Amino acid sequence: MGTILHVLLGGTNVGILALAAAAVTVRLLAGKRWSSLASGADQIAYVAAAVGLGLAIFSGLTGFFGTWTREAITTTVLAQNKILVTMALLGSWGLFLFLRWRVGPALWDSPILSAWSTILVSIGSINTVLVGSMGGSAALTGTILDPLFLALNINRYISLAWSPYLTGLLILVVIGLAIYSMRLKPKPE
């Protein structure tokens with residue numbers, strides 16, 4: 001049952017997070033010219049990112065506890081990479097939601113926060129695709145991305161690792177953005 005639930009939750013969160021990323025793109029393109037479209041896209045991005053993040057958490061939990069064995073998690077590089085990329089996915093979408101929640105729709109009026117949010121959504125989207133691809137590889141079904149990985153010489157079976165310096169830098173940037181966002185006056189939704 002855990003595997004089926006994991007697949008259902010995983011597929012659903014990929015679709016909803018893709019909707020969130022598309023809504024962010026529409027929000028950026030609409031800008032101030034089409035304010036009602038921009039406002040709607042912002043709301044869709046915010047809600048879809050929150051729902052998608054929640055589903056991603058549940059999907060990760062069902063995968064960790066219901067799909068993978070303890071031995072596979074501790075010994076296989078693919079399982080460890082999938083966990084690491086899932087953590088990056090959760091972190092980037094979570095940081096986007098935190099900034100959007102903290103600042104409100106005014107987030108898009110600040111060039112710094114707007115750019116950072118776009119980067120977070122891009123990182124989250126890439127990691128969402130990678131996690132799904134690793135799931136297909138783990139199930140031995142392959143993925144649509146296999147030709148791309150082959151062409152770019154990307155090996156998902158080599159251990160990935162975040163540099164401690166990169167992690168520290170990311171934490172400092174988030175703290176700095178949180179302090180910066182406190183200076184901005186949140187606008188009502």
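Residues numbered from 1 in each chain as written. Predicted model: local features only at pLDDT ≥ 70, side-chain atom pairs only at ≥ 80, totals over all residues. Heavy atoms only, no water.

Topic: the overall build of the protein chain
(1) Moving on: A tally of helices and strands in the protein chain yields 7 helices and 0 strands.
(2) Moving on: Partitioning the intrachain contacts of the protein chain with sequence separation of at least 6 by distance along the chain shows that 73% fall at a separation of at least 24.
(3) Moving on: Within the structure as shown, the protein chain displays about 10,900 Å² of accessible surface, and the carbon and sulfur contribution to it stands at 74%. (Helix = DSSP H or I, 4+ residues; strand = E, 2+ residues; numbered from the N terminus. Contact = heavy atoms within 4.5 Å. Areas by Shrake-Rupley, 256 points an atom, 1.4 Å probe, with all protein chains shown as cover.)

Section: the side chain of arginine 27
(1) Moving on: Tracing the backbone shows arginine 27 in helix 1 (residues 2-30).
(2) Moving on: In this structure arginine 27 is buried but unpaired, with aspartate 109 as the nearest side chain of opposite charge at 4.4 Å.
(3) Moving on: Those residues in contact with arginine 27 that lie beyond four places of it in its chain are Ala38, Ala41, Asp42, Trp108 and Asp109. (Buried < 20%, exposed > 50% of the residue type's maximum accessible area, 1.4 Å probe, protein only. Lys, Arg positive; Asp, Glu negative; His and termini not counted. Salt bridge = Lys/Arg side-chain N within 4 Å of Asp/Glu carboxyl O.)

Some remarks on the nonpolar core
(1) Moving on: Counting residues in hydrophobic clusters, the biggest one holds 31 residues, and the most contacted among them are Trp93, Phe96, Leu99 and Leu107.
(2) Moving on: Mapped onto this core, the elements with two or more residues apiece are helix 1, helix 2 (35-67), helix 4 (77-103), helix 5 (111-138) and helix 7 (164-183).
(3) Moving on: Among the elements that take part in this core, helix 4 stands out by supplying 9 residues, more than any other.
(4) Moving on: Setting aside its immediate chain neighbours within four residues, tryptophan 93 contacts Leu17, Ala20, Ala21, Ala49, Leu53, Val121, Gly124, Ser125 and Thr128. (Core = buried A, V, L, I, M, F, W, Y, C linked by side-chain atoms within 4.5 Å.)

Structural notes on the packing of helix 2 against helix 4
(1) Moving on: Contact geometry for helix 2 and helix 4: axes closest at 10 Å, N-to-C directions at 150°. Classified by the interaxial angle, the pair formed by helix 2 and helix 4 is roughly antiparallel. Remark: the crossing between helix 2 and helix 4 carries left-handed chirality. Residues Asp42, Gln43, Ala45, Tyr46, Ala49, Ala50, Leu53, Ala56, Ile57 and Phe64 of helix 2 form the contact with helix 4, whose participating residues are Ile83, Leu89, Leu90, Trp93, Gly94, Phe96, Leu97, Arg100 and Trp101.
(2) Moving on: Here the contact of helix 2 with helix 4 is composed, by residue class, of 15 nonpolar, 2 polar and 2 charged. (Axes fitted to C-alpha atoms, helices over the stretch in contact; angles between N-to-C directions. Parallel < 35°, antiparallel > 145°, perpendicular 65-115°, else oblique. Left-handed = near helix turned anticlockwise from the far one by under 90°. Nonpolar A, V, L, I, M, F, W, Y, C, P; charged D, E, K, R; others polar.)

Topic: the pattern of salt bridges
(1) Moving on: Considering all chains together, one arrives at 1 salt bridge under this definition.
(2) Moving on: One salt bridge connects arginine 100 with aspartate 42, and the closest N-O pair in it is separated by 2.7 Å. Taken together, the positions of arginine 100 in helix 4 and aspartate 42 in helix 2 put the pair 58 residues apart, joining distant regions of the chain.
(3) Moving on: For aspartate 42, a relative accessible area of 3% puts it in the buried group.

Some points on a nonpolar patch on the surface
(1) Moving on: Residues Ile57, Phe58, Leu61, Phe64, Phe65, Ile83 and Met87 make up a contiguous nonpolar surface patch of roughly 710 Å² in combined accessible area.
(2) Moving on: Of all elements in the fold, only helix 2 and helix 4 reach the threshold of two or more residues within the nonpolar patch.
(3) Moving on: Here the nonpolar patch takes 5 residues from helix 2, the largest share from any one element.
(4) Moving on: Mapped onto the elements, isoleucine 83 comes out in helix 4.
(5) Moving on: Residue class for isoleucine 83 comes out partly exposed when judged on its relative accessible area of 31%. (Patch = residues over 30% accessible without salt bridge, like charges linked within 9 Å, V, L, I, M, F, W, Y side chains within 5 Å.)

Some points on the packing of aromatic side chains
How two aromatic rings sit relative to each other is set out by the distance from centre to centre and by the angle between their planes.
(1) Moving on: Throughout the structure, instances matching the rule amount to 3 aromatic pairs.
(2) Moving on: Ring geometry for phenylalanine 96 against tryptophan 108: centres 6.3 Å apart, planes inclined by 50°, an arrangement best described as tilted. Of this pair, phenylalanine 96 sits in helix 4 while tryptophan 108 sits in the loop between helix 4 and helix 5, placing them 12 residues apart in sequence.
(3) Moving on: Consider the rings of phenylalanine 98 and tryptophan 101, whose centres lie 6.2 Å apart with planes at 40°: the pair is tilted. You can see phenylalanine 98 and its partner tryptophan 101 sitting in helix 4, 3 residues apart, about one turn around the helix.
(4) Moving on: In this structure an aromatic cluster arises from ring pairing among Trp93, Phe96 and Trp108. (Phe/Tyr/Trp six-rings, centres within 6.5 Å; stacked < 30°, edge-to-face > 60°.)

It is worth stressing that arrangement in space is one thing and function is another; only the former is reported here.
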